[in-house]
Amino acid sequence: MNKNISIIGAGASGLLSSVILAKKGFNVTVFEKNTKAGRKILATGNGKCNISNENLSMDNFHSSSKDFPTYAINTFTYKKFEEFFNNLGLLLLKGSGTKVYPLSLQASSVSDILYSEALRYGVKFIFNSYIEDIKSQNNIYIIKSNNDTYKCSKLIIASGSSAMKKLGSTSSGYDVAKQYKHKIIEPFASLVQLTSKDNSIYRLSGVKTNSLVKLYVNNKFVEEKSGDILFTNYGLSGNTILDLSRNASYSLQKNKKIQIHIDILPNMSNEYLVNLFNQRKELLKTKEINFLLESLINKKFIPYILNKAYLDRNKIYINQLSKNDISNVINQIKNIKVDINDTKGFDSAEVVAGGIDVRDIDNKTMQSKLQKNLYFCGEVLDVDGACGGYNLHWAWASAFVMSQSINL
Ligand SMILES: Cc1cc2nc3c(=O)[nH]c(=O)nc-3n(C[C@H](O)[C@H](O)[C@H](O)COP(=O)(O)OP(=O)(O)OC[C@H]3O[C@@H](n4cnc5c(N)ncnc54)[C@H](O)[C@@H]3O)c2cc1C
């Protein structure tokens, strides 16, 4: 019985820990409610799997207990990650900034390699098996699934979060934790799209721009990011929005007012644009005013910007525009304001922030401080990462330090 370990969840952290523990000689059983292992891994990085990041600076990891993730990240460094996965036969691709992918750019390479390694070392997978109830008696865990009952001496909860339920995600790990008196830091959606009730931006749906994006909370500047932003028929998406969404989502949960300010021509100064528009005024005199912006910005933006710039409707031709009109146009281009009313929620989020309060978890072993031989790893804990491979790296790193600490 001492050799029996059960893992709830065949996702990123569950798979990696099953490999290490089986190699150590444990009898590992993994319970997975889905029909196969690593279903969420398959969806990562748009199917390419942004598996880690060469720059594992701690600024990219968040937790209510700021220092909690440090030990795991400093132990399972990028170098250690590379060595671990190279030894499994996974070739890596670097070169998209500091982001790292499997060389195949196929997420299935990652899950297949981990799953086959686990099978090679005798890990037993029980699929279609949803763990509904856990009890402990005389240092033995009794695990009840939808179709059977199992016993083990050590239990690992690697059940992830409720982000994107369609991939099988559940928040059942929180229930197990609560059963053993663990507290839950209120979960909120992160790396998620933002919604707006301002339907004037819905007409920009489909436009993707490289922008400078600023987040304002209660009219105060909080954070800015540069990069891709996608206008949609519900609000805003794109990597830059996902990056800002953690702060936005947290503040929305606290009923604060959120506004996003977007500069769609961040590489052109106001002065540069004044000169450019004056030249175009000369050149395009008798053309309709929309030609002022033609070929400079996406066509869908033109009526939006001209409308927001409050141009006198009687002004039809470029040579009718005043200095003040030009200045208003530039202000709109450099400061599109979008009121945000919500996020797209847990069902669309890549990750959930909050989770099991890590103050009751030992950060060197991931063992509960409240219940012996009960372990947690991955996203179920109150640790989340920025866009860029940090969430998977947390899943790997937490599973790695945990599995290293468990011995026969
Ligand atoms: C669309 C999308 C794209 C993403 N892209 C990236 C990316 O490119 N890079 C990155 O770093 N991160 C990315 N992430 C986040 C990353 O996938 C997760 O943070 C990571 O998979 C968490 O690993 P985990 O082991 O904690 O949980 P998971 O990988 O979610 O695994 C948990 C498993 O437990 C199972 N389970 C849950 N409850 C039970 C139960 N009661 N009984 C049995 N089984 C159960 C679930 O079915 C699941 O298979 C993305 C997430 C999404 C949704």
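Since the model is a prediction, treat every value here as computed from it, not as a measurement.

**With respect to the sheet that holds strand E11 (residues 154-157)**
Part 1 of the reasoning: Judged by pairing direction, the sheet is parallel, and its five strands sit side by side in the order E7-E2-E1-E11-E21 without closing on themselves. Both edges of this open sheet fall to strand E7 (124-126) and strand E21 (374-376), since each of them pairs with a single strand only. Across the sheet, the mean angle separating the axes of adjacent strands is 20° when strand polarity is ignored.

**Concerning the packing of helix H1 (residues 12-23) against helix H5 (residues 107-120)**
Think of two packed helices as two axes; the pair is described by the angle between the axes and how far apart they sit.
Part 1 of the reasoning: Contact pair H1 / H5: the axes reach a minimum separation of 9 Å and the direction vectors enclose 25°. One element, H1, and the other, H5, form an angle in the roughly parallel class. For the pair H1 and H5, the crossing hand works out as left-handed. Between H1 and H5, the contacting residues are Leu15, Leu16, Ser18, Val19 and Lys23 on the first element and Leu114, Tyr115, Glu117 and Ala118 on the second.

**A closer look at the domain arrangement of the protein**
Part 1 of the reasoning: Considered domain by domain, the protein is made up of domain 1 (4-188 + 354-405) and domain 2 (193-344).
Part 2 of the reasoning: Just the C-alpha atoms count here: the centres of domain 1 and domain 2 sit 40 Å apart.
Part 3 of the reasoning: Between domain 1 and domain 2, the contact holds seven residues from the first and seven residues from the second.
Part 4 of the reasoning: At the junction of domain 1 with domain 2, the criterion picks out one salt bridge.
Part 5 of the reasoning: One salt bridge in this structure joins Asp384 and Arg246, with 2.7 Å as the shortest N-O distance.

**Remarks on the nonpolar core**
Part 1 of the reasoning: With 80 residues, the main nonpolar core has Ile51, Phe85, Ile156, Leu381 and Trp396 as its most contacted residues.
Part 2 of the reasoning: With ten residues, helix H11 (residues 390-405) is the single largest residue contributor to this core.
Part 3 of the reasoning: Phe85 has contacts with Leu16, Ile51, Leu90, Val110, Leu114 and Trp396, leaving out every residue within four places of it along the chain.
Part 4 of the reasoning: Grouped together as the second largest cluster of nonpolar side chains are 44 residues, Leu215, Leu236, Ile241 and Ile297 included.

**Brief notes about helix H4 (residues 78-87)**
Along an α-helix, residues three or four apart share an orientation, since each turn contains 3.6 residues.
Part 1 of the reasoning: By the burial criterion, the buried members of H4 are Tyr78, Phe81, Glu82, Phe84 and Phe85. The buried residues of H4 occupy an angular sector of 165° when the element is viewed end-on, so they sit on one face. Turned more than 90 degrees away from the buried face of H4 sit Lys79 and Asn87, all of them exposed.
Part 2 of the reasoning: Lining the buried residues of H4 we find H1, strand E3 (52-53), strand E5 (92-96), strand E6 (99-102), H5 and H11.

**What about helix H10 (residues 323-334)?**
Part 1 of the reasoning: An ideal rise of 1.5 Å per residue puts 16 Å on twelve residues; H10 measures up with 17 Å between its terminal C-alpha atoms.
Part 2 of the reasoning: Those residues of H10 not exposed but buried are Asp325, Ile326, Val329, Ile330, Gln332, Ile333 and Lys334.
Part 3 of the reasoning: Contact partners of the buried residues in H10: strand E17 (258-263), helix H8 (270-284), helix H9 (301-308) and strand E18 (336-340).

**Notes on the packing of aromatic side chains**
Part 1 of the reasoning: Applying the stated rule across the entire model yields 18 aromatic pairs.
Part 2 of the reasoning: Measuring from ring centre to ring centre gives 5.5 Å for Phe61 and Tyr390, while their planes differ by 90°; the resulting arrangement is edge-to-face. Pair noted here: Phe61 is in strand E4 (residues 61-62) and Tyr390 is in helix H11, with a separation of 329 residues, a long-range link.
Part 3 of the reasoning: Note on Phe84 and Phe85: the rings are 5.4 Å apart at their centroids and 75° apart in plane angle, and the pair reads as edge-to-face.
Part 4 of the reasoning: Judged by its relative accessible area of 15%, Phe84 falls in the buried class.
Part 5 of the reasoning: Using a relative accessible area of 1% as the deciding quantity, one classes Phe85 as buried.
Part 6 of the reasoning: Each residue in the set Phe76, Tyr78, Phe81, Phe84, Phe85, Trp396 and Phe400 is aromatic and connected to the rest through ring pairs, giving one cluster.
Part 7 of the reasoning: Stacked on the ring of Tyr234, the Lys or Arg Lys344 has its end atom at 4.2 Å from the ring centre.
Part 8 of the reasoning: The positively charged end of Lys364 is found above the aromatic ring belonging to Tyr71, 5.3 Å away from the centroid.

**Considerations on the sheet that holds E5**
Part 1 of the reasoning: Spatially, the three strands line up as an open sheet ordered E3-E6-E5, and their pairing is antiparallel. Only two strands of the sheet have a single partner each, and these edge strands are E3 and E5.
Part 2 of the reasoning: With four bridges joining them, E5 and E6 adopt antiparallel strand pairing. Following the sheet pairing, Leu93 is matched in E6 by Tyr101.

**Describing the site of the ligand**
Part 1 of the reasoning: In the vicinity of the ligand there are 33 residues, among which Ser13, Glu32, Thr170, Glu379 and Leu392 approach most closely.
Part 2 of the reasoning: In this structure, Glu32 approaches the ligand through a side-chain N or O atom, which is 2.6 Å from an oxygen atom.
Part 3 of the reasoning: Burial of the ligand by the protein chains amounts to 96% of its free accessible area of 1000 Å².
Part 4 of the reasoning: Broken down by secondary-structure element, the contributors of at least two residues to the shell around the ligand are H1, helix H2 (39-43) and H11.
Part 5 of the reasoning: When grouped by side-chain class, the residues that make up the shell around the ligand number twelve nonpolar, 16 polar and five charged.

Cut-offs used in this document
Residues numbered from 1 in each chain as written. Predicted model: local features only at pLDDT ≥ 70, side-chain atom pairs only at ≥ 80, totals over all residues. Heavy atoms only, no water. Pairing = 2+ DSSP bridges. Helix = DSSP H or I, 4+ residues; strand = E, 2+ residues; numbered from the N terminus. Axes fitted to C-alpha atoms, helices over the stretch in contact; angles between N-to-C directions. Parallel < 35°, antiparallel > 145°, perpendicular 65-115°, else oblique. Left-handed = near helix turned anticlockwise from the far one by under 90°. Contact = heavy atoms within 4.5 Å. Domains from an automatic or database assignment. Salt bridge = Lys/Arg side-chain N within 4 Å of Asp/Glu carboxyl O. Core = buried A, V, L, I, M, F, W, Y, C linked by side-chain atoms within 4.5 Å. Buried < 20%, exposed > 50% of the residue type's maximum accessible area, 1.4 Å probe, protein only. Arc of directions from axis to C-beta. Expected span 1.5 Å × (residues − 1). Phe/Tyr/Trp six-rings, centres within 6.5 Å; stacked < 30°, edge-to-face > 60°. Lys NZ or Arg CZ within 6 Å of the ring centre and 35° of its normal. Near = heavy atom within 4 Å. Polar contact = N/O pair within 3.5 Å; in protein donor to acceptor, adjacent residues only side chain to side chain. Areas by Shrake-Rupley, 256 points an atom, 1.4 Å probe, with all protein chains shown as cover. Nonpolar A, V, L, I, M, F, W, Y, C, P; charged D, E, K, R; others polar.

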